Amino acid sequence: MQYDMIMVRYGELSTKGKNRSAFIGRLNGNITKALHEYPGLTIRPKRDRLHIELNGEDSAGVMARLGQVFGIQSFSPSVKVAKDMDAVHAQVLALMAETAPQGATYKVATKRSDHSFALDTNGMNLDLGDLLTDARPDLQVKMKHPDITLRVEVRREAIYLSTTTIQGAGGLPVGTAGKAVLMLSGGIDSPVAGYLALKRGVDIEMVHFFSPPYTSDNALAKAKQLTAKLTPYVGSIKFIQVPFTEIQETVKAGVPEGYLMTIQRRFMLRLADLIAHKRNALAIFNGESVGQVASQTLESMVAINDVTTMPIIRPVATMDKNEIIKVAEDIDTYDLSIMPFEDCCTIFAPPRPKTKPNLEKARYYEQKLDIDGLIQRALDGIKITDIRSSDEFMNQEQDVIAELL
Amino acid sequence: MIYFDNSATTKALPAVLDTYRKVSEEFAGNPSSLHALGDHAYQMLEGARKQIADLIQAQPDEILFTSGGTEGDNWVIKGTAIEKRPFGKHLITTQVEHPAVINSMKQLESLGFEVTYLPVDHRGFIDPADLKQALRQDTILVSVMAVNNEVGCQQPIDAVAAILEDYPNVHFHVDAVQAIGKGLMASLRNPRVDFITFSGHKFHAPRGTGFIYAKSGKHIAPLLTGGGQEHNLRSGTENTPAIAAMAKALRILLTDEPQKVARQAAIRERIATHVQQKANVHLFSELAPDFAPHILCFAIRGVRGETIVHAFEQHEIYISTTSACSSKKGTESSTLAAMHADPKLATSAIRVSLDEYNTLAEADAFNAAFDQIYAKFGKLMPNED
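Please read these numbers as outputs of a predicted model, since none were measured by experiment. Residue indices begin from 1 for each chain and proceed along its sequence in written order. Written order determines the labels here, with chains lettered from A and ligands numbered from 1. Residue-level local features of this predicted model are given only where pLDDT is at least 70; pairs of side-chain atoms are given and counted only at 80 or more, and the full residue set underlies all totals for whole chains, interfaces and linings.

### Side note on the overall build of chain A
Each helix is a run of H or I in the DSSP string that is no shorter than four residues. Each strand is a run of E no shorter than two, and both are numbered from the N terminus. The helix and strand tally for chain A stands at 14 helices and 15 strands. Whether two residues are in contact is decided by their C-beta atoms, placed from the backbone, lying within 7 Å. A separation of at least 24 residues holds for 82% of the contacts in chain A among residues at least 6 apart in sequence.

### Let's talk about the overall build of chain B
When its secondary structure is counted, chain B shows 15 helices and twelve strands. Partly exposed residues are those falling between the two cut-offs: more than 12 but fewer than 20 other C-beta atoms within 10 Å of their own, whereas 20 or more means buried and 12 or fewer means exposed, with C-beta atoms placed from the backbone. Across the 385 residues that make up chain B, the buried fraction comes to 48%. Relative to all contacts within chain B whose residues are 6 or more apart in sequence, the contacts with residues 24 or more apart total 73%.

### Here we look at the interface of chain B and chain A
The interface is formed by 13 residues belonging to chain B together with four residues belonging to chain A. Per element, the largest residue contribution to the side of chain B that touches chain A is six residues, and it comes from helix H2 (residues 36–55) of chain B. Per-class residue counts for the side of chain B that touches chain A are five nonpolar, five polar and three charged. Classification convention: Asp, Glu, Lys, Arg as charged; Ala, Val, Leu, Ile, Met, Phe, Trp, Tyr, Cys, Pro as nonpolar; all other residues, Gly among them, as polar.

### Remarks on the packing of helix H7 (residues 245–254) of chain A against helix H13 (residues 371–380) of chain A
Residue and element names in this part refer to chain A. Here an axis means a line fitted to C-alpha atoms, over the contact stretch when the element is a helix, while the angle between two N-to-C directions is reported on a 0 to 180 degree scale. Here H7 crosses H13 at 155 degrees, and the two axes come no closer than 9 Å. Here H7 is positioned roughly antiparallel relative to H13, judged by the angle of their axes. Contact residues: H7 offers Glu246, Ile247 and Thr250, while H13 offers Leu374, Arg377 and Ala378. Between 65 and 115 degrees an angle is taken as roughly perpendicular, under 35 as roughly parallel, over 145 as roughly antiparallel, and anywhere else as oblique.

### Notes on the environment of Lys368 of chain A
Residues and elements named next belong to chain A. Tracing the backbone through its elements, the reader meets Lys368 in the loop between helix H12 (359–367) and H13. Assessed through the 10 C-beta atoms surrounding it within 10 Å, Lys368 is described here as exposed. The spacing of Lys368 and Gly254 is 114 residues in sequence and 7.7 Å in space, taken between C-alpha atoms.

### Concerning the packing of helix H3 (residues 85–99) of chain A against helix H4 (residues 121–135) of chain A
All names here are of chain A. Closest axis-to-axis distance for the H3/H4 pair is 11 Å, and the angle between their directions is 55 degrees. In terms of axis orientation, H3 runs oblique to H4. Judged by the twist between their axes, the crossing of H3 over H4 is right-handed. Along its contact with H3, which presents His89, Val92, Leu93 and Met96, the element H4 presents Leu128, Leu131, Leu132 and Ala135. Each residue belonging to the contact of H3 with H4 can be placed in one class, and the counts come to seven nonpolar, one polar and no charged. Crossing handedness is defined as follows: a turn of the near helix away from the far one that is anticlockwise and smaller than a right angle gives a left-handed crossing, while the clockwise case is right-handed.

### Examining unusual backbone geometry
Residues and elements named next belong to chain A. With omega at 0 degrees, the peptide bond leading from Pro212 into Pro213 counts as cis. Position of Pro213 among the secondary structure elements: in the loop between strand S11 (203–210) and helix H6 (217–230). Phi is positive for Asp332, which is not a glycine, with a value near 65 degrees. Mapped onto the fold, Asp332 is located in the loop between helix H10 (321–330) and helix H11 (334–337).

### Here we look at the sheet that holds strand S10 (residues 295–300) of chain B
All names here are of chain B. A strand pair is defined by DSSP finding two or more bridges across the two strands. With respect to topology, three strands assemble into an open sheet ordered S9-S10-S12, the strand pairing being antiparallel. Every interior strand has two partners, whereas the edge strands, strand S9 (281–283) and strand S12 (349–353), have only one. The sheet shows a mean angle of 30 degrees between the axes of neighbouring strands, direction not considered. In terms of strand pairing, S10 meets S12 through five bridges, oriented antiparallel. Across the sheet, the residue bridging to Phe298 is Ile350, located in S12. Against the sheet, helix H10 (residues 257–275) engages S9, S10 and S12, with an angle of about 15 degrees to S10.

### A short note on the UniProt feature "binding site: ATP" (unreviewed entry) in chain A
Residues and elements named next belong to chain A. UniProt positions are given in the numbering used here, feature names are shortened, and annotations may be inferred rather than shown by experiment. In this numbering, the UniProt entry assigns the feature "binding site: ATP" (unreviewed entry) to Met183, Leu184, His208, Phe209, Arg265, Gly287 and Gln296. Residue placement: Arg265 occurs in helix H8 (residues 260–278). A tally of 20 C-beta atoms within 10 Å means that Gln296 is categorised as buried.

### Digging into the pairing of strand S10 (residues 179–183) of chain A
All names here are of chain A. S10 sits mainly inside the fold: four of its five residues count as buried. The pairing of S10 with strand S13 (residues 283–285) spans three bridges and is classified as parallel. Bridge pairing in S13 links Ala180 to Ala283.

### Quick look at helix H15 (residues 360–376) of chain B
Residues and elements named next belong to chain B. The end-to-end C-alpha distance of H15, which contains 17 residues, comes to 24 Å, matching closely the 24 Å that a straight helix rising 1.5 Å per residue would cover. Burial in H15 covers these residues: Ala363, Phe366, Phe370 and Ile373. On an axial view of H15, the arc spanned by its buried residues comes to 85 degrees, and they lie on one face. Residues of H15 that are exposed and point over 90 degrees away from its buried face: Ala361, Ala368, Gln372, Ala375 and Lys376. In the core, the buried residues of H15 are packed alongside strand S1 (2–3), H10, helix H11 (305–314) and strand S11 (317–318). Expected span of a helix, by definition, is 1.5 Å for each gap between consecutive residues, and there is one gap fewer than residues. Along the arc lie the directions from the helix axis toward the C-beta atoms.

### Looking at the confidence of the model for chain B
The quantity known as pLDDT measures the predictor's confidence residue by residue, on a range of 0 to 100. Looking at chain B, pLDDT values average 94 and 97% of them are 70 or higher. For this predicted complex, the interface confidence reaches an ipTM of 0.77, while the overall pTM sits at 0.69.

This is how it looks when you write it as structure tokens:
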């Protein structure tokens, strides 16, 4: 069915007191960005809900996008009818024919903001109840937890009918919780961490370390593609690529094998810290999960965390691998993540990294290196790209191939 | 020129050859190479695999590329024999299979395997009850063709599949070389079917192309060992241009398949209803729903098939005696023999086989030529009474 209007209910922000208007403003902006491919829409944010008038735009496409916008609790597609009871009857029957299966239970819920309309709320409920009792004897009226709620809104300009409510993505509007950087490797965990950050309203920028020629262009393309997978929730995401070859080579040459990994990570975190400050981000997110690998034991976290005072938030810290994979599959990053390209976490990985590194030793081994110079040269080589959901990095040839096939 | 010998081979389409040439030029790397050119070719190869998988409603890793129908049949049969040898040495097929199947079976017999060849009735069909009887504890493979290449009868794949539900460990192979694009996808993709053989040049792809469907979880041993291509199951540098061309040909073939099938059936019917008015014509193919829409096999009593083929050639109409594989050897059709057709009548058999591009106008031209030929050879025929 082609709908005329979608009514959007706000999520948690209904409870946010004074910040309310800022939240609604941000959500409105995010929705507008997410729906930019549908220029015909009219979006009207109200105090407790938001109305999207479709003006003939494809409702299915709009709803698919809406389902990815954080801060929406649910939404209901509605049909607009002239304020004429014959027209209302016809449309009610059509709607119920499409959405109410044989034997379903239902109730009618009318809201009336136009108090001049001939039927009042009760009158409307009764009238439509009578209509359905005659026309659909298979349906049962049920006031508590019916299968179908037929919502009728009598407004000044028209009457709106709706029978479906679709769950939104929940969470908070992205941006309302401030900005952070996410350390994105290319594995399974960090995109999930990014998704969870976005869901809590955090606007993220990706920091990705790459080490040519030890890592291939494919690894970089993969990280960008993963970023593109998260953009539908926000519109666009900044991708910050940081050259890491010199640091890795220097650390490899100058640090005992057991501490290679710890000290490489300290460099990564230093860089993330500096980038975050420069970009006015308030925290660093990463995909660490306690105990998963040598660098993610609590001892390692102590030895690595040492280089920053910024909050490090680890959204998947206490999730099992299987739980993380489940989310990765849901957000469609899993298949990309498992593509086998070496990233900078796997090259130069020592065969026996310290699972319980000692903080003092890590500091000591590091002293011999030109930390400031290395960091500065890496910062100088940074490249920032703005990634949108329609961007293709992995399969730029797919169009050529599709053409030939 | 009218080409009615499409079951022997088809002409590669210009659009398909375009792809072949462009992929040869622009995707020239070896898909196994690590560098960008190799990756480029790999993407093309996997793109083709995915497209073919989508078209036959399978998963990409269930598609394995071959050099054609003969290799596919050989591979599934001998590959099963090698793989499942510890479980048994008995195989079942039919008397009317393509020589690629029959002779693979014969070779296995010489190596100590036992093969049951299911008989067919006078219409060319096996009886599923015979299969039920033939199945044994040590049976490892049942191989049944979907469409017979000589008379066009469609073997009861669904009935065979239903019987094999009780024998989950027996590999079920379907030779679909003549069945693709003929409206039979539902039967071919019966969930009990484990392996399917396809040949590219029967659907306007270049020669030397083909693929098998191998259901995920069902294993056959490789016949070609080497560099480990095709998941180590079929070594040899992948023929990327030909494979891409085949993927395209298959897409074109399966676009509007129902309409194409209906058109072929209409052409076949027009020819069949015309020629069978003559008293000395005998149809081996029937105008029944269990016969494929594109094959018509019939005989003119008293006139050798070869003679008829050459007579049509004079009219620039190209048909064949029975299958192209046996026709040059002048041997009697094995399918017709298995159907217990009168051997004399069988030597008179000719086959008309259609593709998606034949027209009703061509059928009319064929019928007109047929009338002339029939009149010309009247002396050779028995009296029409």
